[in-house]
2 protein chains.
Amino acid sequence: MDSESVAPGTVRPGGRTAQVRAAVLRAAGDALAEGGFAHLDLADVARRAGVGKTTVYRRWATTTGLVADLLTHMAEESLPRTETGSLLGDLKANARLVQRTLSDERHGALFKAVIAAATCDPRTAEALHRFYGVRIAEWAPCVQQAVDRGELPEGTDPHEVIRAVSAPLYYALLTSGATLDKPAAGRAAEAAAAAARAGVFASQAGTGVG
Amino acid sequence: MDSESVAPGTVRPGGRTAQVRAAVLRAAGDALAEGGFAHLDLADVARRAGVGKTTVYRRWATTTGLVADLLTHMAEESLPRTETGSLLGDLKANARLVQRTLSDERHGALFKAVIAAATCDPRTAEALHRFYGVRIAEWAPCVQQAVDRGELPEGTDPHEVIRAVSAPLYYALLTSGATLDKPAAGRAAEAAAAAARAGVFASQAGTGVG
DNA sequence: ACGTTAAAGAAACTGGAGTTCCGTTATGGA
DNA sequence: TCCATAACGGAACTCCAGTTTCTTTAACGT
């Protein structure tokens, strides 16, 4: 990326170059979902994508580099949030979306794999952080609306509340063998809402409850 | 492990065998903390441990196998919890312990690495789940005491409350670049306490708040 | 439409992770 | 204390992930 001259794929990004990137990223997602990050092999990705392995090595160089680009791609296709009119309804919708994504065989494995990749390389970690930054920012407005309606204390940090919804679901995915079911999503949303109402995420920290 | 005859290290586990295991696990921890799971190399671990690489390959075979054994070892040395007399005090002590561990340069990297390893292999995942099972069970009694004191609703699941304390800290460690500071630990404890008081973790789920 | 050259791709090469072989050490039972 | 053998360790070997080299294809400015 910061190499001498320009990175491959930047001068003539149209046509074949774009097709190759799409095919390789799709293949990388498949490979990650099937075998996890440890078994990710660039030659195998090239084979799946129907592309020369030289091309993959030249454009992405390492497995972490490929995952970083995959995350950039994933951040671009962010799905719009739904609106229910109440804080708890919105948070439950968000929790349900996360829970369904993570408990889906393919997507759950894929998310585990990209998180694993991010722990091994700073640049990939940055891409992961940006991805979640986008996802969180997409849902934060529903918390701000709740503050404006008077459902939550002034100064509540919307991003913190949305993160509080996802956190227990990701924690369960990674550290326990428990299945992520609908009740788990409900608890995640209700816990975040209860904490937000108690003022835990308001700017004057620690003033919440005694 | 389920191979023909017996696994190496089980028939004569004393003396040299035990020393080799200790040296290798220490070296593995160092290597994981420094380079992450992706760069873990059994030959390098052997070199660090001052042990023949043949030995490491024979006894642990794969990087995930080595991490699994490391997790088993980590589960055995569980540190006792502190008691403060109040639920929030106990939860804050727990949150503080987790936060200090994860924000420590070496331990933070180590935990990220073992989580990454667990995403790549079922046996390692099992070992990780057992490790967190032990850690959570160590702290669960303080929640039960709060229930007995009447601080929390009957039927509150102690394990869920303790997990709720750790979840946002691990989520931050893995998905955001944010530094885990003392206020973050405080928020984690207060959020879990607020949710528990609201009945989110009580057996009759969803009855919590309207 | 045409020419320049960026980017893809085929094939041969290389280094090191992981394996095999066999000799050496020292554990644990008698 | 002594012996059988479990476990360790050095060294040579294998195989494939990753690299290098060179040729072919097609993107984009004119």
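No experiment lies behind these values; they were computed from the predicted model shown. (Residues numbered from 1 in each chain as written. Chains lettered and ligands numbered in written order. Predicted model: local features only at pLDDT ≥ 70, side-chain atom pairs only at ≥ 80, totals over all residues. Heavy atoms only, no water.)

Caption draft 1: The arrangement of the relation of the copies chain B and chain A in detail. Aligned on chain A, chain B shows an RMSD of 0.0 Å; the corresponding rotation is 180° and the shift along the axis is 0.0 Å. Each copy turns onto its partner about a two-fold axis. Minimal C-alpha distance to the rotation axis in chain B is attained by B:Ala116, lying at 2.1 Å. Here 100% of the contact residues of chain B are again contact residues in chain A; the copies associate through an equivalent surface. (Least-squares fit on C-alpha atoms with pLDDT ≥ 70 in both. Contact = heavy atoms within 4.5 Å.)

Caption draft 2: How the structure looks around unusual backbone geometry. With a phi angle near 65°, A:Ala61 is a residue other than glycine that sits in the positive phi range. Structurally, the position occupied by A:Ala61 is in the loop between α3 (53–60) and α4 (63–76). (Helix = DSSP H or I, 4+ residues; strand = E, 2+ residues; numbered from the N terminus.)

Caption draft 3: A look at the interface of chain B and chain A. Taken together, the contact between chain B and chain A spans 35 residues of the former and 35 residues of the latter. A buried area of about 3,100 Å², summed over both sides, lies between chain B and chain A, and 71% of it is on carbon and sulfur atoms. Summed over the shared surface of chain B and chain A, the result is two salt bridges. When the shortest N-O distance is used, the salt bridge between B:Arg187 and A:Glu160 registers 3.3 Å. Run the count over chain B and chain A and you get four residue pairs in polar contact (both at pLDDT 80 or more). Mapped onto the side of chain B that touches chain A, the elements with two or more residues apiece are α6 (105–118), α7 (122–149), α8 (158–175) and α9 (182–197) of chain B. Across the side of chain B that touches chain A, the residue classes tally to 20 nonpolar, nine polar and six charged. (Buried area = accessible area lost by both parts, 1.4 Å probe. Salt bridge = Lys/Arg side-chain N within 4 Å of Asp/Glu carboxyl O. Polar contact = N/O pair within 3.5 Å; in protein donor to acceptor, adjacent residues only side chain to side chain. Nonpolar A, V, L, I, M, F, W, Y, C, P; charged D, E, K, R; others polar.)

Caption draft 4: Here's a closer look at the packing of α4(A) against helix α6 (residues 105–118) of chain A. Residues and elements named next belong to chain A. Relative to each other, α4 and α6 sit at 125°, their axes nearing to 10 Å. As the angle between them shows, α4 and α6 are arranged oblique. Here α4 and α6 pass one another in a crossing that is left-handed. Across the interface between the two elements, Thr 64, Val 67, Leu 70, Leu 71 and Met 74 of α4 pack against Leu 110, Phe 111, Val 114 and Ala 117 of α6. Its residues assigned to classes, the contact of α4 with α6 shows eight nonpolar, one polar and no charged. (Axes fitted to C-alpha atoms, helices over the stretch in contact; angles between N-to-C directions. Parallel < 35°, antiparallel > 145°, perpendicular 65-115°, else oblique. Left-handed = near helix turned anticlockwise from the far one by under 90°.)

Caption draft 5: Inspection of the domain arrangement of chain A at higher detail. Residue and element names in this part refer to chain A. Each domain of chain A was delimited in the assignment, giving domain 1 (3–74) and domain 2 (82–203). Using C-alpha coordinates to define each centre, domain 1 is positioned 29 Å away from domain 2. Taken residue by residue, the interface counts 14 residues in domain 1 and 16 residues in domain 2. Taken together, the two surfaces of domain 1 and domain 2 that pack against each other cover about 1,200 Å², and 77% of this comes from carbon and sulfur. By the criterion of area lost to domain 2, the three top residues of domain 1 are Phe 37, Leu 71 and Met 74, representing 44% of everything that side buries. Inspection of the region where domain 1 meets domain 2 yields one salt bridge. The partner of Arg 106 in a salt bridge is Asp 30, and the shortest N-O contact between them spans 2.5 Å. (Domains from an automatic or database assignment.)

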